[in-house]
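Analysis of the macromolecular model
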Amino acid sequence: MGSSGKGESQEVVRFENVGMRYGTGPEVLRDISLDLPAGSFHFLTGPSGAGKTTLLRLIYLADRPTRGLISLFGEDVSRLKRRNLADLRRRIGVVFQDFRLLGHLSAFDNVALPLRVAGVAEARVKKNVTELLDWVGLADKLNARPVTLSGGQQQRVAIARAVIARPQLLLADEPTGNVDDTMALRLLRLFEELNRFGTTLILATHNEALATQRRYRRLHLVNGELTSETVRRA
Amino acid sequence: MIGRRTGNDIPLRRDGSVRLLPWLIAPMVYLAALALAGMLALHGVLAGWDRGLAGTMTVELPAARDAAGGDAAVAKILALLRTTPGVTSATPLDRAAEGKLLEPWLGTAVTPDELQLPRLIDLRIASGTRLDLGALRARLAATLPGTVLDDHRRWLDRLYGLALSVEATGLAVVAMVGLAAVLTVVFTTRAGLAVHHDVIELLHLMGARDLYIARQFEREAMRLGFSGGIAGLALAALTLWGLGHAAAATGVLGEEAKLLPDLSLVIWQWAALALLPVAAGVAAMLTARLTVMRALARMP
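Residues numbered from 1 in each chain as written. Chains lettered and ligands numbered in written order. Predicted model: local features only at pLDDT ≥ 70, side-chain atom pairs only at ≥ 80, totals over all residues. Heavy atoms only, no water.

A closer look at the overall build of chain B
Threshold: Here a helix means four or more residues in a row that DSSP labels H or I, a strand means two or more in a row labelled E, and each is numbered from the N terminus. Computation of the radius of gyration draws on C-alpha atoms alone. For the globule rule, the value is 2.2 Å times the number of residues to the power 0.38. The classification of residues rests on relative accessible area computed with a 1.4 Å probe and restricted to protein chains. Under 20% of the type maximum is buried, over 50% is exposed, and intermediate values are partly exposed. Contact definition: two residues touch when any of their heavy atoms are within 4.5 Å. Only four residue types enter the charge count, namely Lys and Arg as positive and Asp and Glu as negative; His and the chain termini do not. For the purpose of locating charges, the reference atoms are NZ of Lys, CZ of Arg, CG of Asp and CD of Glu.
Scanning chain B from terminus to terminus reveals ten helices and four strands. Its C-alpha atoms give chain B a radius of gyration of 32 Å, clearly above 19 Å, the size a compact globule of 300 residues would have. The C-alpha extent of chain B, read off along each of the three principal axes, is 100 × 40 × 30 Å. The buried share of chain B, reckoned over its 300 residues, is 37%. Sequence-distant contacts in chain B: of pairs separated by 6 or more residues, those separated by 24 or more amount to 84%. The centroid of the 28 positive side-chain charges in chain B is displaced by 11 Å from the centroid of its 25 negative side-chain charges.

Looking at the environment of Trp270 of chain B
Residue and element names in this part refer to chain B. With respect to the secondary-structure elements, Trp270 resides in helix H10 (residues 267-296). The exposure class of Trp270 is partly exposed, given its relative accessible area of 35%. Through-space distance from the C-alpha of Trp270 to that of Ala37 is 8.2 Å; in sequence the pair is 233 residues apart. Not counting residues within four places of it along the chain, the set of residues in contact with Trp270 comprises Ala237, Leu240 and Leu265.

Let's talk about the packing of helix H3 (residues 67-82) of chain B against helix H6 (residues 133-143) of chain B
Residues and elements named next belong to chain B. Defined as follows: To obtain each axis, a line is fitted to C-alpha atoms, and for helices this fit is confined to the stretch in contact; angles are then taken between N-to-C directions over 0 to 180 degrees. What sets the label is the angle itself: under 35 degrees gives roughly parallel, over 145 gives roughly antiparallel, 65 to 115 gives roughly perpendicular, and the rest give oblique. Left-handed describes a crossing in which the near helix is turned anticlockwise from the far one by less than a right angle; the clockwise case is right-handed. In the scheme used here, Gly and all other residues not listed as nonpolar or charged are polar, with Ala, Val, Leu, Ile, Met, Phe, Trp, Tyr, Cys and Pro taken as nonpolar and Asp, Glu, Lys and Arg as charged.
Interhelical geometry of H3 versus H6 gives an angle of 150 degrees and a closest axis separation of 10 Å. The pairing of H3 with H6 is recorded here as roughly antiparallel in orientation. When the axes of H3 and H6 are compared, the crossing they make is right-handed. Here H3 contributes Lys76, Ile77, Leu80 and Leu81 to the contact with H6, which in turn contributes Leu136, Arg139, Leu140 and Thr143. Taken together, the residues of the contact of H3 with H6 sort by class into five nonpolar, one polar and two charged.

A closer look at the packing of aromatic side chains
All names here are of chain A. Note the following rule: Two aromatic rings from Phe, Tyr or Trp, using only the six-membered ring of Trp, form a pair when their centres are within 6.5 Å; if the ring planes differ by under 30 degrees the pair is stacked, by over 60 it is edge-to-face, and anything between is tilted.
Going through the model one piece at a time under the given rule, you end up with four aromatic pairs over all chains. Judged by centre distance (5.9 Å) and plane angle (50 degrees), the rings of Phe43 and Tyr216 are tilted. Of the two residues, Phe43 is situated in strand S3 (residues 41-45) and Tyr216 in the loop between helix H7 (208-213) and strand S9 (217-222); the sequence distance between them amounts to 173 residues. Classification of Phe43 as buried rests on a relative accessible area of 0%. Consider the rings of Tyr60 and Phe96, whose centres lie 5.5 Å apart with planes at 85 degrees: the pair is edge-to-face. Of this pair, Tyr60 sits in the loop between helix H1 (52-59) and strand S4 (67-72) while Phe96 sits in the loop between strand S6 (92-95) and helix H3 (107-117), placing them 36 residues apart in sequence.

Quick notes on the pattern of salt bridges
To keep things clear, this is the line we draw: One side-chain nitrogen of Lys or Arg within 4 Å of one carboxyl oxygen of Asp or Glu is enough to make a salt bridge.
Per the counting criterion, the structure on display carries 20 salt bridges over all chains. Glu201 of chain B is paired through a salt bridge with Arg100 of chain A; the nearest N and O atoms lie 2.7 Å apart. Here Glu201 of chain B is found in helix H8 (residues 197-205), whereas its partner Arg100 of chain A is found in the loop between S6 and H3 on a different chain. Take Glu201 of chain B and Arg100 of chain A: they sit in the same class, and that class is buried. A salt bridge links Glu218 of chain B to Arg289 of chain B, with the shortest nitrogen-to-oxygen separation between them at 2.7 Å.

Observations regarding the side chain of Thr189 of chain B
Residue and element names in this part refer to chain B. With respect to the helices, strands and loops of the structure, Thr189 is situated in helix H7 (residues 153-195). According to the relative accessible area criterion, Thr189 is buried, its value standing at 6%. Once residues lying within four places of it in the same chain are set aside, the contact partners of Thr189 are Phe217, Ala288, Thr291 and Val292.

Overview of the interface of chain A and chain B
One frequent convention defines the size of an interface as the accessible area lost when the parts assemble. Test applied: The term buried area refers to how much accessible surface (probe radius 1.4 Å) is lost by two components on association, counted for both of them together. Between N or O atoms, a polar contact is any pair within 3.5 Å; within protein, one atom must be a potential hydrogen donor and the other a potential acceptor, and residues adjacent in sequence are included only when both atoms are from side chains.
Each side of the interface is counted separately: chain A has 31 residues, and chain B has 29 residues. For the pair chain A and chain B, the summed buried area comes to about 2,700 Å², and 54% of that belongs to carbon and sulfur atoms. It is Arg82, Arg89 and His104 of chain A in chain A that bury the most area against chain B; as a group they hold 25% of the surface buried on that side. Where chain A touches chain B, the interface holds four salt bridges. One salt bridge connects Arg82 of chain A with Asp210 of chain B, and the closest N-O pair in it is separated by 2.6 Å. Inspection of the chain A/chain B interface yields twelve residue pairs in polar contact (both at pLDDT 80 or more). Every element with two or more residues in the side of chain A that touches chain B is listed here: helix H2 (82-89), H3 and helix H4 (122-135) of chain A. Counting residues per element, the side of chain A that touches chain B draws most heavily on H3 of chain A, which supplies six residues. When the residues that make up the side of chain A that touches chain B are grouped by side-chain class, the tally is twelve nonpolar, four polar and 15 charged.

Some points on the packing of H7 of chain B against H10 of chain B
Residue and element names in this part refer to chain B. Axis separation between H7 and H10 bottoms out at 9 Å; the angle between their running directions is 45 degrees. One element, H7, and the other, H10, form an angle in the oblique class. Considering the relative orientation of H7 and H10, their crossing is right-handed. Every residue of H10 that contacts H7 at Val182, Val185, Val186, Thr189, Arg190 and Leu193 is listed here: Ala284, Thr287, Ala288, Thr291, Val292 and Ala295.

Structure follows, in structure tokens:
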């Protein structure tokens, strides 16, 4: 397998027989069991409606499962206090499929959000955000509002926001969907760089070429069930 | 400029429902200020009456058949009163003064003596003295049957009762206005939470603590509550000034016809009214915080 193989002594994400349904509807995820070791890199693939976004929402604690057990960083999330859940969320970065940039804030302020939420000093915020936006090729768009940016530029801002606080777990929902191949490769390299420094990555994508280009572990969802390469370590 | 924040994380200032808050708070503070001003003025008037009547009593002698008999009776009672411990002065009301009081109704054709009116003695008691009124009344009756000692207590007690009712009504008005203001902030905050749900969820997912999000609402609620309060207070001050001015213009509060006591406010009472916008701001802030914290507690 093509995982980075670094620091896999502890599961960052652990699902045990997790099921999820919205309201009284059918289960959108069924009996999901998986272990994602620290420092691993996974592609999350599957057709539209297979449950990829729901799975990611459970991992970044936007939803609670209907059944089953979820542990993050070795902690059973159902037992954690609210205050500790906030701490846990700060260790997770998310690139949303629809970016979810705040339209009234500049690109700089959007990227600065996770640092400000964590109470980082403004001097450090300024330095880190400026550097990262420069790295993703948006040095001249610091004060631009999202509405004035192209889809690709917005996506890069969203990615910069997800990684600015150096999360231990990064979830990306179609992060290369709106960029050209060159930029897609460049962003993938950014993710690999983060992974090399220990960040666990789950990258949901439709891009088969991207998923096959790199031989990372793959979580493949079909109709809410994991079907391949999701070996649960016994 | 790089790094300069372009705004709050939650764009509350663009939210129409939140912008409406000062317009709702202003009339509430206006009503509360008027109610409070009325209570404070009444309190001042009562204190003035109490001070004015403290240590004063009136002795009323039964009407005599003629002036000489009346003068003799007054002299007898005066002798008794002036030897009573605690009494600093006992002054009979001048007959000419009595005649002047009756003049508007009876004219100058008749005198008090002709009408056989009771004679009155103004009594002053040393401050801090607790006079045995029962004993004094008994001695007065023994000296001259029919003599009455009036310590004004019954009249003052009735006034106090009336004033207390008015004050209680004023307090109820202030409390109801306060409750209405709190509910307004609750609904406005809930509207803000609904409008900005996506932003709030995003901050929540980034690990923002509930207080971080609540502070953005409470800062805005305090600013809007305070500005609405200032507007309401300014309007109330204008109204009070106008009322005082109108009353003075009719001479009701003027020196020449003091039928009503002075209802104007003193400095500390104005200072108390000036606290209303601060109270409105703080109440709005705390209400917004509690509302947001309760709503966030329901998030996963």
